[in-house]
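In case you want the letters, here they are:
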Amino acid sequence: MSDYIEQHTYHGTTTVGISCTDGVVLCADMRASAGYFIANNNTMKIQKIDNHAGMTIAGGVADAQNVTDMLRYHSNIHRIDKQEYLPIKSIARLASLIFFQNRYYPFIADILVGGYDKQGPSLYNIDMFGSLDKKTYVTTGSGSPVAYGLLESEYRDGLTVEEGKIIALRAVKAAITRNIGTGDGINVAIIDKQGYRLLTKEQKKAIITL
Amino acid sequence: MAYMYMPGATAVGITYDGGVVMASERRIAYGNFVVSKTTKKTFKITDFVGACCAGMVADMQVLAMQMKAMTKIRKMELKREIPPNSVAKMMSTMMYERRYYPLMTQVIVGGVDGDAVIYTLDPLGSVLPDDYASVGTGAEMALGVLDQEFKPKMSEKDAVNLAVKSIKSAIMRDNASGDGIDVLVVDKNGTREFTAN
């Protein structure tokens, strides 16, 4: 049964997150594969948690969507209860606790949580066992070795989101060409003090040829 | 062991201008033996939402039956039609509840809520929206046709023909698929079902 599940559940990804001086950039490809089969080529792997926070998903789509639902629920409940946004640090810690509670039968997912709150922009990586890491730049998924290759040489401190989004797009594009689990287009989201916004096709085309 | 009762299948879902077409072939084969030649793998869930499945037949039948009941109850609670995105999410929740002993079925949920939409669900309950999709052992073959010939905003007639054509090409190259095609059309006037060859 487990090999049936392995071959029929959706996997594969490259996601990139960059924390800049004025906001956070999240970037991901659009492919969902089941083994060698490309099951979906229009997958939204960047999810909005609330107006001030977003996340990317890599790993099993069902598990990651379930985690997304939980984070979204708790962020909304907190905002309504307390009349303020749930800090990014807390969202990330909550995600880490959710993963760790399932330590013995883990959610197969590796997520990035990023956003902009009173402390300014921040970005976290939470892995399937619940480790929580604050990052300035990070990439997850099957194409992450390729994306890191570009990020390690291009990332520098003091980037703005305008510069960061170019690097993020280039990193995912590199992963698309050298990783078969990655492909079918790129989504980019920027979260800064204006809130969460996804770049349109035209805005992306102005930066890079897809 | 459950593998013995794991027949193949081909099911497709296509959106067109004002509705969706869902189609599946009718074969169940356990190993090399054809057990049934008349199995329905398309399901009417509500008047405006349908589904088609591939995988273990018991699981898809139970899933469809429970969804039919749940949407009926939900419709009475809310006093309105249950849109396809809700049906997909309800189904996803049902499947994810069984994360550690999954329902071994892949599903395409489709319907109309103003626009025509379809969603694919994997055995664990991930939900991915699509314009057209295919699941099952014949999915690769069916998508070979769909990827080439699908156009947004087709007529109903063209969409039905494309669905049947894609399943036919899967039947030709997939031993686990065959024995005719069930078609379910959903539009703003409700559902229609018929069998093609």
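Worth saying up front: this structure is predicted, and the values here are computed from it rather than measured.

Enquirer: Teacher, can you tell me more about the overall build of chain B here?
Expert: Regarding its fold elements, chain B presents 4 helices and 12 strands. A compact globule built from 197 residues should have a C-alpha radius of gyration of about 16 Å, and chain B, at 15 Å, falls within 12% of that. Across its three principal directions, the C-alpha atoms of chain B cover 50 × 40 × 25 Å. When the accessible surface of chain B is summed, it comes to about 9,000 Å², and 53% of that surface belongs to carbon and sulfur atoms. Within chain B, one finds 23 positive and 22 negative side-chain charges whose respective centroids are separated by 4 Å.

Enquirer: Can you walk me through helix α3 (residues 139-149) of chain B in this structure?
Expert: In an α-helix, one turn spans 3.6 residues; hence positions three or four apart end up facing the same way. Burial in α3 of chain B covers these residues: A139, A142, L143, V145 and L146 of chain B. Taken end-on, α3 of chain B shows its buried residues confined to a sector of 160 degrees, consistent with a single buried face. In the core, the buried residues of α3 of chain B are packed alongside β4 (37-40) of chain A together with β1 (10-16), β10 (132-136) and α4 (156-173) of chain B.

Enquirer: What should I look at first to understand the packing of helix α2 (residues 61-82) of chain A against helix α3 (residues 88-101) of chain A in this one?
Expert: Helices that pack against each other are described as a pair by the angle of their axes relative to one another and the distance between those axes. Residue and element names in this part refer to chain A. Where α2 meets α3, the closest approach of the two axes is 10 Å, and the angle between their N-to-C directions is 135 degrees. With respect to their mutual orientation, α2 and α3 come out oblique. In the crossing of α2 with α3, the sense of the turn from one axis to the other is right-handed. Each of V67, M70, L71, H74 and S75 in α2 lies in contact with α3, whose residues at this interface are I91, L94, A95, I98 and F99. In terms of residue class, the contact of α2 with α3 is made up of 8 nonpolar, 2 polar and no charged.

Enquirer: Would you explain the sheet that holds strand β2 (residues 23-29) of chain A in this entry?
Expert: Pairing between the strands of a sheet comes from backbone hydrogen bonds, and it takes one of two forms, parallel or antiparallel. Residues and elements named next belong to chain A. Reading across from one edge, β10-β1-β2-β11-β12 is the order of the 5 strands in this open sheet, with antiparallel pairing throughout. A strand with exactly one partner marks an edge of an open sheet, and here the two such strands are β10 (137-140) and β12 (195-198). Neighbour-to-neighbour, the strand axes of this sheet turn through a mean angle of 15 degrees, independent of strand direction. Here helix α4 (residues 144-154) sits on the sheet in contact with β1 (15-19) and β10, set at roughly 160 degrees to β10. Seen against the sheet, helix α5 (residues 161-178) touches β1, β2 and β11 (186-192) and runs at an angle of roughly 20 degrees to β2.

Enquirer: Teacher, can you tell me more about the sheet that holds strand β5 (residues 42-44) of chain B here?
Expert: Residues and elements named next belong to chain B. Strand order in the open sheet made by the 5 strands is β5-β6-β7-β8-β9, with antiparallel pairing throughout. One side of each edge strand has no neighbouring strand; the edge strands of this open sheet are β5 and β9 (127-130). Averaged over all neighbouring strand pairs, the angle between strand axes comes to 25 degrees, with direction disregarded. Where β5 lies against strand β6 (residues 49-55), 3 bridges are found, and the strand directions are antiparallel. Considered in β6, the bridge of K44 is made with G50. Sheet strands touched by helix α2 (residues 84-97): β6, β7 (105-113), β8 (115-121) and β9. Its angle to β7, the strand with the most contacts, is close to 160 degrees.

Rules of the game
- Residues numbered from 1 in each chain as written.
- Chains lettered and ligands numbered in written order.
- Predicted model: local features only at pLDDT ≥ 70, side-chain atom pairs only at ≥ 80, totals over all residues.
- Heavy atoms only, no water.
- Helix = DSSP H or I, 4+ residues; strand = E, 2+ residues; numbered from the N terminus.
- Rg over C-alpha atoms; globule rule 2.2 N^0.38 Å.
- Areas by Shrake-Rupley, 256 points an atom, 1.4 Å probe, with all protein chains shown as cover.
- Lys, Arg positive; Asp, Glu negative; His and termini not counted.
- Charge placed at Lys NZ, Arg CZ, Asp CG, Glu CD.
- Buried < 20%, exposed > 50% of the residue type's maximum accessible area, 1.4 Å probe, protein only.
- Arc of directions from axis to C-beta.
- Contact = heavy atoms within 4.5 Å.
- Axes fitted to C-alpha atoms, helices over the stretch in contact; angles between N-to-C directions.
- Parallel < 35°, antiparallel > 145°, perpendicular 65-115°, else oblique.
- Left-handed = near helix turned anticlockwise from the far one by under 90°.
- Nonpolar A, V, L, I, M, F, W, Y, C, P; charged D, E, K, R; others polar.
- Pairing = 2+ DSSP bridges.

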